[in-house]
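Observations on chain architecture
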Amino acid sequence: MFKQLSDRFGPMVAIGILLLMLLWLVMLVVLPQVLMIDYSLRPNLPPSQIGGPNDNYTLSNYVTLFNNQIHQTIFFKTIWSSVLVTVCTLIVCYPLAYYLAKVATPRQAALCVLLLIIPFWINEILRTFSWFIILSYRGPLNALLLGMGFIDRPIRFLSGDGGVIIGMVYAYILFMVFPLYNAIESLDGNQIKAARNLGSGWIRTHYRIIIPHAKPGIATGCIMVFMLSAGSYAVPALLGSPGSRWFTQIIYNWFFEGGDWNQGAAYAFILLLLCIGFIVLVMRLFKVGLGDIAR
Amino acid sequence: MSSQNILKWGIRFYITLFFLYLFTPLIIMSAATFNDSRFPTISPWRGTTLKWFEELWNDSGMWQALSNSAIIAAGVLAIAVPIGVACALFLSTYRGGGKNFIYGLMLSPLLTPGVIIGISTLIFWRSMGVSGGIFLTIIAQTTFIAAYVMLMILARMQRFDRTLENAAFSLGATHLQVFRRITLPYLMPAILSAGVIAFLQSFENYNTTLFVKGYDTTLTVYIASKVRTGLTPAVNALGLILIVITVLLAAIYEIKRRHEARAAEQKAALADTAN
């Protein structure tokens, strides 16, 4: 390892490269995760008892989730809502990505991509805040619906999970568009033409030619959107209410209100396992590898 | 009308709708800045005013948060960019066992939810006696931003012609000379754009920062706390300013990127005709 680097860059630079790499991977990436898992397996003890006879490994922090009906409900709601957000973004983005990649002229596509990039760069908090304004009780959406006579009195959009899901679809939709677009763009247009010439209809062409080719992009988009949704704190904090808490908010409360970091660490690890599980599931489902996802 | 035409108009309608969906919220948020109403909204319109910019300007909390965000972003830039470059150089050089594992490890922060990066950093550093604050925020953000930098540098590194280095070696250059005069200059454009992205990522981060910020406030944390307590259109004024800056940065970045892509294409075309 060192020899290959040193042959190319000389010993000094090679040492620098390895040091920086190890510093990052060990101190920032691996050890914190290991310690978080270690924390999650220990009881929450007062400082004087840490390392004492009571400081044994236990699964009790994980059992908490199974015994707490409310937390369990919120956990499963977080999963289903994140899946719903993922599916919504996929359905909305697919036609757009297909249009940009295969139908639009290069100039049209370039303009659209630029228009997509701009909101992509704008803060998640600001994008969520803009929906807070729209959905608020005396906000423009209620005013519009009232004005058009669809409703008699304003709707409280921000008191349930609906607002959170709307906000998430909006906040994370661009993480679906770009992978889809990149994947569909790399498909040779002649394959679509060939399918058409051989008598395949639109639905069949998409189902048999375009979607199979776009699999890595679909997988990447789904993984990103699911992970961002399940791990989001900003959107539920801004658009939710006490009645529509997200799993991340429970984790936050364990740390900064309950003061039980061990319990919080266990919940955080469960969230991490959920995301890893989703990644593995999607990779299996779409038969793609990690290398396809990073592209 | 033929079915082809219906399809064409249908898709145009859809695209228009999509972009309306994308931009209307941002426009409404920006417009609310100028409404003379205590609560940020556009309905009803109570007259046009610029007073919310003034209120924002006089808010010392905002300035404190802005300076914290700037310090953190500068710190992240200083640590994450060298790490990202080092990792890209490693991946483009090393051939052998465990490479896929190392690569996967380097990507893992991108596939980990931001809150978990914040939590694990908080726990790890507390065990060494460091509590939340600006330093820890820099560390936590670097964990995943370095991975973005690594990917961007690696993308450019893959198009690097290593015969350039070998040519320099056979002309008698030392390792350090080759690195400084050939490899680094080649990577410079990618390093600069990775820097821009690292800065923006750090500036905009909320989910990770929330857990490691301690008693310090960053600009995103400030906005979020204002939305929940004490919301006035001054927050919109801040949002509008941030949007304008972001759009400008994104436009510059994109124009530069396209310029480079075109230059590369011309170079390739020239090389083709030369052959």
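So, a few notes on the structure that sits alongside this text. (Residues numbered from 1 in each chain as written. Chains lettered and ligands numbered in written order. Predicted model: local features only at pLDDT ≥ 70, side-chain atom pairs only at ≥ 80, totals over all residues.)

A word on the overall build of chain A
The cut-off we apply is this: Helix and strand definitions here come from DSSP, where helices need a minimum of 4 consecutive H or I residues and strands a minimum of 2 consecutive E residues; each element is numbered from the N-terminal end. To get the radius of gyration, use the C-alpha atoms; to get the globule rule, take the number of residues to the power 0.38 and multiply by 2.2 Å. Any residue with 12 or fewer other C-beta atoms within 10 Å of its own C-beta is exposed, any with 20 or more is buried, and the rest are partly exposed; the C-beta atoms used are placed from the backbone. By the criterion used throughout, residues are in contact when their C-beta atoms, derived from the backbone, lie within 7 Å.
Of regular secondary structure, chain A possesses 14 helices and zero strands. Listing the helices and strands of chain A from first to last along the sequence gives α-α-α-α-α-α-α-α-α-α-α-α-α-α. Its C-alpha atoms give chain A a radius of gyration of 24 Å, more than 25% over the compact-globule value 19 Å for 295 residues. C-alpha atoms of chain A, sized along the principal axes, occupy 75 × 75 × 35 Å. Expressed as a percentage of the 295 residues in chain A, the buried residues total 42%. In chain A, once contacts between residues fewer than 6 apart in sequence are set aside, the share between residues at least 24 apart is 70%.

Concerning the overall build of chain B
Helix and strand counts for chain B come out as 11 helices and zero strands. Starting at the N terminus and walking to the C terminus, you meet the elements of chain B as α-α-α-α-α-α-α-α-α-α-α. Taking 2.2 N^0.38 as the reference for a compact globule, 275 residues should give roughly 19 Å; the C-alpha atoms of chain B span a radius of gyration of 24 Å, well beyond that estimate. For the C-alpha atoms alone, the extent of chain B along its principal axes is close to 75 × 70 × 35 Å. When each of the 275 residues of chain B is scored for burial, the buried share is 39%.

Examining the interface of chain A and chain B
Counting from both sides, the interface comprises 71 residues of chain A and, opposite them, 67 residues of chain B. Sorting elements by how many residues they give to the side of chain A that touches chain B places helix H1 (residues 2–40) of chain A first, with 21 residues.

Focus on the nonpolar core
Heads up, the rule is: Joined through C-beta atoms within 7 Å, a set of buried Ala, Val, Leu, Ile, Met, Phe, Trp, Tyr and Cys residues constitutes a nonpolar core.
Counting 157 residues, the largest nonpolar core has Ala97(A), Leu180(A) and Ile153(B) as the members making the most contacts within it. Residue contributions to this core peak at 16 residues, all from helix H3 (residues 60–93) of chain B. Ignoring sequence-local partners within four residues, the contact set of Ala97(A) consists of Val177(A), Leu180(A), Tyr181(A) and Ile184(A).

Quick notes on the packing of H1(A) against helix H5 (residues 114–126) of chain B
For clarity, the cut-off: For helices, the fitted line uses only the C-alpha atoms of the stretch in contact; every axis is such a line through C-alpha atoms, and the angle between N-to-C directions lies from 0 to 180 degrees. Roughly parallel covers angles under 35 degrees, roughly antiparallel covers those over 145, roughly perpendicular covers 65 to 115, and oblique covers all other angles. Each residue gets one of three labels, nonpolar for Ala, Val, Leu, Ile, Met, Phe, Trp, Tyr, Cys and Pro, charged for Asp, Glu, Lys and Arg, and polar for the others, Gly among them.
Here H1(A) crosses H5(B) at 80°, and the two axes come no closer than 8 Å. Taken as axis vectors, H1(A) and H5(B) run roughly perpendicular relative to one another. Contacts between H1(A) and H5(B) pair Leu31(A), Pro32(A), Gln33(A), Leu35(A), Met36(A) and Tyr39(A) from the former with Ile119(B), Ser120(B), Thr121(B), Ile123(B) and Phe124(B) from the latter. Considering only residue class, the contact of H1(A) with H5(B) consists of eight nonpolar, three polar and no charged.

Topic: unusual backbone geometry
Residue and element names in this part refer to chain A. Although it is not a glycine, lysine 287 sits at a positive phi angle of roughly 50°. You can see lysine 287 is positioned in the loop between helix H13 (261–286) and helix H14 (290–294). When the 11 C-beta atoms within 10 Å are taken as the criterion, lysine 287 is described as exposed.

Notes on the packing of helix H12 (residues 247–256) of chain A against H13(A)
Residues and elements named next belong to chain A. Condition: Working rule for handedness: look at the near helix, and if it is turned counterclockwise from the far one by less than a right angle, call the crossing left-handed; if clockwise, right-handed.
Viewed as axis vectors pointing N to C, H12 and H13 meet at an angle of 160°, and their least axial separation amounts to 7 Å. It follows that H12 is roughly antiparallel to H13 by the angle criterion. Crossing geometry of H12 relative to H13 is assigned as left-handed. Contact with H12, carried on its side by Phe247, Ile250, Ile251, Trp254 and Phe255, involves Trp261, Gln263, Gly264, Tyr267, Ala268 and Leu271 of H13 and no other residues of that element. Split into classes, the residues belonging to the contact of H12 with H13 amount to nine nonpolar, two polar and no charged.

The analysis is restricted to geometry; functional conclusions fall outside its scope.
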